[in-house]
Amino acid sequence: MARQETLGDWLSDQGYRAKTRGEALVIRFSIPAQRLASALIAGAVLLSLAASPSHAAAKIQRLVSPGGIEAWFVQDATVPLIAMEYAFAGGAAQDPAGKSGVGNMVASLLDEGSGDLDSKTFHERLERRAIELSFSSTRDYFRGSLRMLKDNKDEAFGLLHLALTSPHFDAVDVERIRAQVLSGLRRDTTSPTSLASRKFLEVAFGDHPYGRQANGTLDSVPKIDVVDMKDYVRRVIAKDNLRIAVVGDVDADTLGKLLDKTFGGLPAKASLTPIAEVEATKPPQRAFVPLDVPQTVVTFGGPGIRRHDPNFMAAYVVNHILGGGGLSSRLYREVREKRGLAYSVYQSLLWMDRSALFIGNTGTRADRAGETVDAIEREIRRIAEEGPTQKELDEAKSYLKGSQMLALDTSSKLAQALLQYQLDKLPIDYIEKRNALVDAVTLDDAKKAAQKLWGQGLLTVIVGRAPQAAVQPAAAPPKAN
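Note that the structure is a prediction, hence the values are computed from the model and not measured.

What follows deals with the packing of helix 4 (residues 119-128) against helix 5 (residues 153-165). Relative orientation of the contacting elements helix 4 and helix 5 amounts to 155°, with a least axis distance of 10 Å. Considering the angle they form, helix 4 stands roughly antiparallel to helix 5. The element helix 4 and its partner helix 5 pack so that their crossing is left-handed. Residues Phe122, Arg125 and Leu126 of helix 4 lie in contact with helix 5, whose contacting residues are Glu155, Leu159 and Ala163. Here the residues of the contact of helix 4 with helix 5 sort into four nonpolar, no polar and two charged.

Written out as structure tokens, the structure reads:
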């Protein structure tokens, strides 16, 4: 099944837990209706076994299989469960121009029959063994997830091998999935959050691939054919752009053999279209999308800080103070507690391979949208000019250090984090070093990061009944470097 995500893979996930991607990963699933019951059954079996203390303190090994497949691996026999996360560089940015959504269609169809198994038989095999298998096309990566009980590992890895190497893309399955995707896209046309997400990407990235919708559009999805999907698989799913993380009850020798059987037969090299570097449109500016709904949605953001930037950790900490700290954040206090303008408001740092953003979201009554935007802009301007206080910095650092263990308290969470660290090109001992990096952030560092992030103002998208402030025309799309 495909994992669907909004705002180019980011917005809903970030707001759901108010965390920064890669530091505390949250992945949100959108499961097709006919599979929901079986997914819940499998999930109940696996979740009952998933919790395992002290995962973050476990030893992380760099495993290389006999066939040369590399993985970051934590052996943990606390529960008889294995979780694997993996990713191929590529993702939605590799969708052909005019056919956004190809990667998403592939993700939705890989488990719809493969090898000598039709779709029905393939899913029956998964359900019988309580195997969770899913795929997603995110902005820069085609990702996959596999979870199983230890005793079912051979069948689980075997089914994944079939899905990756011999998908059917049968016409009946393609049209069923296409209909599901189009149904979701039609719903999005009346969703203020979806419309705000779409418009924000257009304003931020213009015609760069990051400005496209990962799940496609009502115009593009009907144009996607089986040739497009097979070509995507040929170009993207290969060994040289593969990263893997495994956590669970399996020894290194056994895992190495499983990795070879699963991934060893893939093409040696991917054939990716180069993606240009791009900086998001410079703020400030606003855009308005009219929609007759009771609640107005406000999405705001601007250029962010790349993961490899030396000031990243300072930005991560100060972002927690402004909008990432849930009930303790400045934006929450100013917008919700003091003024009662919204039920929630949050902001996140988001980074991609070729760019970075900060982005936030809130919803309010139409007649208070202007006041809400003013409150957000005023607080962001204040932290950009003054920075945080020492007390705020100390409290944020204490929380971020203490929350690390809780963020990695299951096999799946740890596997997701280890995969993200690889994609972010962090060292294998990053978990051990991370709290020291947080501790090293000074008040001066935090002030500089705040000025760099928010000193230019905001890109703001308002979706609702009537604009509450003057709407400025969008600037020319950003140029790729």
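Let us look at the nonpolar core. Counting residues in each nonpolar core, the largest one holds 59 residues, and the members touching the most others are Leu418, Tyr421 and Trp454. Ranked by residue count, the leading element in this core is helix 10 (residues 312-324), at nine residues. Ile69, Val102, Phe157 and Leu185 belong to the second-largest nonpolar core, a separate cluster that totals 52 residues.

Moving on, we come to the pattern of salt bridges. As a working rule, side chains carrying opposite charge can pair if their charged atoms are close by. Taken as a whole and judged by the stated rule, the model has 33 salt bridges. Arg176 is paired through a salt bridge with Glu112; the nearest N and O atoms lie 2.8 Å apart. Of this pair, Arg176 sits in helix 6 (residues 171-188) while Glu112 is found in the loop between helix 3 (102-109) and helix 4, placing the two residues 64 residues apart along the sequence. Arg176 gets classed as partly exposed once you look at its relative accessible area, which sits at 29%. Note on Glu112: relative accessible area 1%, which makes it buried. Ionic pairing is found between Glu155 and Arg125, a salt bridge with its closest N-O pair at 2.5 Å. Of this pair, Glu155 sits in helix 5 while Arg125 sits in helix 4, placing them 30 residues apart in sequence.

This part takes up the packing of aromatic side chains. In the structure shown here, the tally under the stated rule is nine aromatic pairs. Seen from their ring centres, Tyr86 and Phe88 are 6.1 Å apart, and the 85° between their planes marks the pair as edge-to-face. Residue classification places Tyr86 among the buried residues on the basis of a relative accessible area of 0%. With a relative accessible area of 0%, Phe88 lands in the buried category. Between Tyr86 and Phe263, the aromatic rings sit 5.5 Å apart at their centres with planes inclined by 65°, giving edge-to-face as the arrangement. Residue Tyr86 is located in strand 3 (residues 81-89), and its partner Phe263 is located in helix 9 (residues 252-263); the two are separated by 177 residues in the primary sequence. On the basis of relative accessibility, which here comes to 0%, the residue Phe263 falls in the buried class.

Here we have five strands laid out as an open sheet, ordered 7-11-8-10-9, and mixed in their pairing. The open sheet is flanked by strand 7 (285-290) and strand 9 (345-351), the only strands paired with a single partner. Sheet twist, expressed as the average angle between the axes of neighbouring strands with direction ignored, equals 15°. Note: strand 8 (residues 295-303) against strand 11 (residues 459-464), five bridges, orientation antiparallel.

We now examine the side chain of Thr281. Mapped onto the elements of the fold, Thr281 is located in the loop between helix 9 and strand 7. Residue Thr281 is classed as buried on the basis of its relative accessible area, which comes to 5%. A polar side-chain atom of Thr281 sits 2.6 Å from the main-chain carbonyl oxygen of Val203.

Moving on, we come to helix 16 (residues 430-439). Residues Tyr430, Ile431, Arg434 and Val438 constitute the buried set of helix 16. Buried residues of helix 16, seen end-on, are gathered within an arc of 80° and therefore sit on one face of the element. Close packing links the buried residues of helix 16 with helix 10, helix 13 (390-402), helix 14 (404-407) and helix 15 (411-423).

Right, let's talk about the sheet that holds strand 1 (residues 61-64) for a bit. In spatial order, the strands read 1-2-6-3-5-4; together these six strands make up an open sheet with mixed pairing. The two strands at the open ends of the sheet, each matched to only one other strand, are strand 1 and strand 4 (132-137). Ignoring strand direction, the axes of neighbouring strands in this sheet form an average angle of 20°. With seven bridges connecting them, strand 3 and strand 6 (residues 242-248) associate as antiparallel partners. Along strand 6, the bridge assignment pairs Phe88 with Leu242. Its contacts with the sheet put helix 5 on strand 3, strand 4 and strand 5 (141-149), and the angle it makes with strand 5 is roughly 155°. Together, strand 2 (70-75), strand 3, strand 5 and strand 6 form the strand contacts of helix 15, whose direction differs from that of strand 6 by roughly 155°.

Further remarks concern unusual backbone geometry. Along the chain, Pro283 connects to Pro284 via a cis peptide bond; the corresponding omega equals 5°. With respect to the helices and strands, Pro284 occurs in the loop between helix 9 and strand 7. The residue Ala130 is not glycine, and still its phi comes out positive at about 55°. Despite not being glycine, Phe169 shows a phi value in the positive range, around 55°. Looking at the secondary structure, you find Phe169 in the loop between helix 5 and helix 6.

For Asp367, the position within the fold is in the loop between strand 10 (356-365) and helix 12 (369-386). Accessibility expressed as a relative area gives 53% for Asp367, which makes it exposed. For the pair Asp367 and Ala466, spaced 99 residues apart in the sequence, the C-alpha separation amounts to 8.2 Å. Among the polar contacts made by the side chain of Asp367, one reaches the side chain of Arg365 at a distance of 2.9 Å.

On to the pairing of strand 5, then. Of all nine residues in strand 5, eight are buried, a share of seventy percent or more. With nine bridges joining them, strand 3 and strand 5 adopt antiparallel strand pairing. Bridging from a neighbouring strand, Tyr86 pairs with Gly144 of strand 5. Taken together, the six bridges between strand 4 and strand 5 define a ladder with antiparallel strand orientation. Its bridge partner being in strand 5, Glu132 is matched across the sheet by Arg147. Here strand 4 hands over to strand 5 after three residues, the two strands then running antiparallel side by side.

What counts, and at which threshold
- Residues numbered from 1 in each chain as written.
- Predicted model: local features only at pLDDT ≥ 70, side-chain atom pairs only at ≥ 80, totals over all residues.
- Heavy atoms only, no water.
- Axes fitted to C-alpha atoms, helices over the stretch in contact; angles between N-to-C directions.
- Helix = DSSP H or I, 4+ residues; strand = E, 2+ residues; numbered from the N terminus.
- Parallel < 35°, antiparallel > 145°, perpendicular 65-115°, else oblique.
- Left-handed = near helix turned anticlockwise from the far one by under 90°.
- Contact = heavy atoms within 4.5 Å.
- Nonpolar A, V, L, I, M, F, W, Y, C, P; charged D, E, K, R; others polar.
- Core = buried A, V, L, I, M, F, W, Y, C linked by side-chain atoms within 4.5 Å.
- Buried < 20%, exposed > 50% of the residue type's maximum accessible area, 1.4 Å probe, protein only.
- Salt bridge = Lys/Arg side-chain N within 4 Å of Asp/Glu carboxyl O.
- Phe/Tyr/Trp six-rings, centres within 6.5 Å; stacked < 30°, edge-to-face > 60°.
- Pairing = 2+ DSSP bridges.
- Polar contact = N/O pair within 3.5 Å; in protein donor to acceptor, adjacent residues only side chain to side chain.
- Arc of directions from axis to C-beta.

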